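Listed below, chain by chain, are the residues.
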Amino acid sequence: MIESDAFVQALQDMGVNFFTGVPDSMLGGIIAELMDRRLYTPAVREDEAVAMAAGAYMGGKVPAVLMQNSGLGTSLNTLISLNLIYHQPCILIVSWRGQGGKDAPEHLVMGEVMPQLLDTMKIPHRTLTEAGAIEDFKWIAETFMKQRIPVALFITKGVVKGLHP
Amino acid sequence: MRPEQGTLISRAQAMAALLELLTDQPVIICNGFPSREAQKLVDRPTHFYMIGSMGSAPAIALGVALAKPHKQVITFDGDGNVLMGMGTLATVAALKPKNFIHVVFDNEVYGTTGNQPTISNVVPLEKVAKAAGYTNVERVLDLDDLVYEFKDMLKKDGPSMLLIKVNEFAEDAGRVVLDPPDITKRFMKAIE
Ligand SMILES: Cc1ncc(C[n+]2csc(CCOP(=O)(O)OP(=O)(O)O)c2C)c(N)n1
Ligand SMILES: [Mg+2]
């Protein structure tokens with residue numbers, strides 16, 4: 001399991017310096033670490049977080065947005081009619097609730113369709129693994145810089161240490 | 001027509017007066033007629049014209065304001081837009097960026113889509129902002145007050161909201177002509 005502080009440090013080492021989002025329990029450890037480091041700007045909706053990140057990007061920051069995958073649904077229009085149309089990149093750190101059909105009922109549909117949804121929107125994505133983490137982060141940074149569009153990193157259960165082990 | 005309709009100024013008249021008081025401040029303008037009219041009135045590289053993501057103008061402006069704390073950041077918004085992204089009033093109020101001015105052109109309609117009524121005739125948006133915790137809030141009905149209050153807000157620490165009651169008149173302004181990626185590039189360079 002990746003420690004939350006190592007995860008945050010890896011993002012900071014990549015140059016990410018603006019973090020916003022809406023919590024999910026699976027992201028609790030990461031958000032706690034970001035708050036400890038006074039790096040986290042809380043949003044009230046995921047589409048707001050995405051728009052705030054776009055503004056921060058235009059102001060010279062490298063932004064990341066943390067969200068549960070249900071928040072991708074909330075963010076759809078902003079990702080399309082702001083980020084994709086205006087070529088504004090951001091790193092989406094998305095907890096994959098409902099993966100493999102094992103979760104609360106509200107997560108099952110999004111859990112199943114999420115990768116296809118992002119494929120349809122042409123937003124590149126990857127699933128973080130402990131063994132491949134260095135590669136994953138490198139890929140995120142390269143995609144962000146080259147394509148200037150949002151890029152998503154899925155976080156599955158147990159890969160990054162949460163608040164409640 | 002509302003009783004005061006005949007006496008109110010138009011959104012474009014209000015916007016022209018504001019733009020005259022601005023120089024190189026970043027201005028994020030909501031989608032629909034507001035962006036089109038701003039582009040027609042005065043096109044500056046510091047203008048970020050939106051063509052979509054309705055409701056997001058103040059969130060984008062907030063991101064710019066946090067990234068550029070030494071620049072005063074303005075957003076031009078509409079009543080329909082504010083209602084769609086109303087949570088952002090809370091986010092702004094909680095974060096209290098001093099360099100944030102939220103201008104709302106309140107015509108009580110979704111003007112861009114054909115003047116369907118919004119609910120801002122019964123929900124005073126500036127009071128929502130005030131209750132949320134904006135530092136300065138003003139509601140103005142004419143050009144003199146608008147100029148006076150906006151000048152004052154430019155001197156004060158925010159977050160501030162200037163809500164301007166305007167009529168439904170829309171300028172004959174074409175769609176935003178610049179390509180969105182060029183708007184991004186131009187804006188970034190201008191506010192560097
Ligand atoms: C998500 C979304 N829903 C609906 C629209 C259509 N639309 C574009 S502008 C607009 C009205 C905006 O109203 P307001 O903010 O009051 O500005 P006004 O046109 O009155 O100046 C609407 C409904 C849209 N662009 N995006
Ligand atoms: Mg309106």
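Rules of the game
Residues numbered from 1 in each chain as written. Chains lettered and ligands numbered in written order. Predicted model: local features only at pLDDT ≥ 70, side-chain atom pairs only at ≥ 80, totals over all residues. Heavy atoms only, no water. Contact = heavy atoms within 4.5 Å. Polar contact = N/O pair within 3.5 Å; in protein donor to acceptor, adjacent residues only side chain to side chain. Helix = DSSP H or I, 4+ residues; strand = E, 2+ residues; numbered from the N terminus. Nonpolar A, V, L, I, M, F, W, Y, C, P; charged D, E, K, R; others polar. Patch = residues over 30% accessible without salt bridge, like charges linked within 9 Å, V, L, I, M, F, W, Y side chains within 5 Å. Areas by Shrake-Rupley, 256 points an atom, 1.4 Å probe, with all protein chains shown as cover. Salt bridge = Lys/Arg side-chain N within 4 Å of Asp/Glu carboxyl O. Buried < 20%, exposed > 50% of the residue type's maximum accessible area, 1.4 Å probe, protein only. Near = heavy atom within 4 Å. Pairing = 2+ DSSP bridges. Axes fitted to C-alpha atoms, helices over the stretch in contact; angles between N-to-C directions. Donors = N, O, S within 2.8 Å, 3.2 Å for Na, K, Ca; no water. Phe/Tyr/Trp six-rings, centres within 6.5 Å; stacked < 30°, edge-to-face > 60°.

1. Considerations on the interface of chain A and chain B
Where interface size is given, it is often the accessible area lost as the parts come together that is meant.
Then, in step 1: Contacts between the two partners involve 21 residues from chain A and, on the opposite side, 27 residues from chain B.
Then, in step 2: Counting the contacts that link chain A with chain B gives seven residue pairs in polar contact (both at pLDDT 80 or more).
Then, in step 3: Elements with a minimum of two residues in the side of chain A that touches chain B: β2 (40-42), α3 (46-58) and α4 (70-86) of chain A.
Then, in step 4: In terms of residue count, the dominant contributor to the side of chain A that touches chain B is α3(A) (seven residues).
Then, in step 5: For the side of chain A that touches chain B, the residue count by class is 11 nonpolar, eight polar and two charged.

2. A look at a nonpolar patch on the surface
Then, in step 1: A cluster of nonpolar residues, Ile80(A), Ile85(A) and Ile51(B), forms a patch on the protein surface that exposes about 230 Å² of accessible area.
Then, in step 2: Here Ile85(A) is to be found in helix α4.
Then, in step 3: For Ile85(A), a relative accessible area of 34% puts it in the partly exposed group.

3. Regarding the site of ligand 1
Residue and element names in this part refer to chain B.
Then, in step 1: In the region of ligand 1, 16 residues are neighbours, and Arg11, Gly80, Asn81, Gly111 and Thr112 sit closest.
Then, in step 2: One of the side-chain nitrogen or oxygen atoms of asparagine 107 is found 3.0 Å away from an oxygen atom of ligand 1.
Then, in step 3: Take glycine 111: an N or O atom from its main chain is 2.8 Å from an oxygen atom of ligand 1.
Then, in step 4: Protein burial of ligand 1: of its 590 Å² of free accessible surface, 76% is covered by the chains.
Then, in step 5: For the shell around ligand 1, the secondary-structure elements that each account for two or more residues are α4 (79-84) and β5 (109-110).
Then, in step 6: Classifying every residue of the shell around ligand 1 gives five nonpolar, nine polar and two charged.

4. Considering helix α3 (residues 57-67) of chain B
Then, in step 1: Burial analysis of α3(B) places 10 of its 11 residues in the buried class, the great majority of the element.
Then, in step 2: Residues of α3(B) that are buried include every one of Ala57(B), Pro58(B), Ala59(B), Ile60(B), Ala61(B), Leu62(B), Gly63(B), Val64(B), Ala65(B) and Ala67(B), and no others.

5. Describing the sheet that holds strand β2 (residues 47-49) of chain B
Residues and elements named next belong to chain B.
Then, in step 1: Ordered in space as β2-β1-β3-β4-β8-β7, the six strands form an open sheet in which the pairing is parallel. Pairing within the sheet leaves two strands with one partner each, and these edge strands are β2 and β7 (136-140). Between one strand axis and the next, the sheet turns through 15 degrees on average, direction left out of account.
Then, in step 2: Across three bridges, the pairing between strand β1 (residues 27-29) and β2 is parallel. Within the sheet, the bridge partner assigned to isoleucine 29 lies in β2 and is tyrosine 49.

6. Looking at the pairing of strand β8 (residues 160-165) of chain B
All names here are of chain B.
Then, in step 1: β8 sits mainly inside the fold: six of its six residues count as buried.
Then, in step 2: In β8, alternate side chains face the same way, and those of Ser160, Leu162 and Ile164 on one face and Met161, Leu163 and Lys165 on the other are all buried.
Then, in step 3: Note: strand β4 (residues 100-106) against β8, six bridges, orientation parallel. Each bridged residue has a counterpart across the sheet, and for histidine 102 the counterpart in β8 is methionine 161.
Then, in step 4: Here β7 runs beside β8; their pairing, made up of five bridges, is parallel. Within the sheet, the bridge partner assigned to glutamate 138 lies in β8 and is leucine 162.

7. Focus on the coordination of the magnesium ion (ligand 2)
Residues and elements named next belong to chain B.
Then, in step 1: Distances from the magnesium ion (ligand 2) to its protein donors, Asp79 (OD), Asn107 (OD1) and Val109 (O), fall within 2.1 Å.
Then, in step 2: Site description for the magnesium ion (ligand 2): donor spacing in sequence, D-x27-N-x1-V. One end of the pair, aspartate 79, is in helix α4; the other, valine 109, is in strand β5, and 30 residues separate them in sequence.
Then, in step 3: On the accessibility criterion, valine 109 (7% relative accessible area) is buried.

8. Remarks on the packing of aromatic side chains
Residue and element names in this part refer to chain B.
Then, in step 1: For the coordinates displayed, the defined rule picks out six aromatic pairs over all chains.
Then, in step 2: On the numbers, 5.5 Å between centres and 55 degrees between planes, the contact of phenylalanine 48 with phenylalanine 187 is tilted. Placement of the pair is phenylalanine 48 in strand β2 and phenylalanine 187 in helix α8 (residues 180-191), with a sequence separation of 139 residues. Judged on exposure class, the residue phenylalanine 48 and its partner phenylalanine 187 are both buried.

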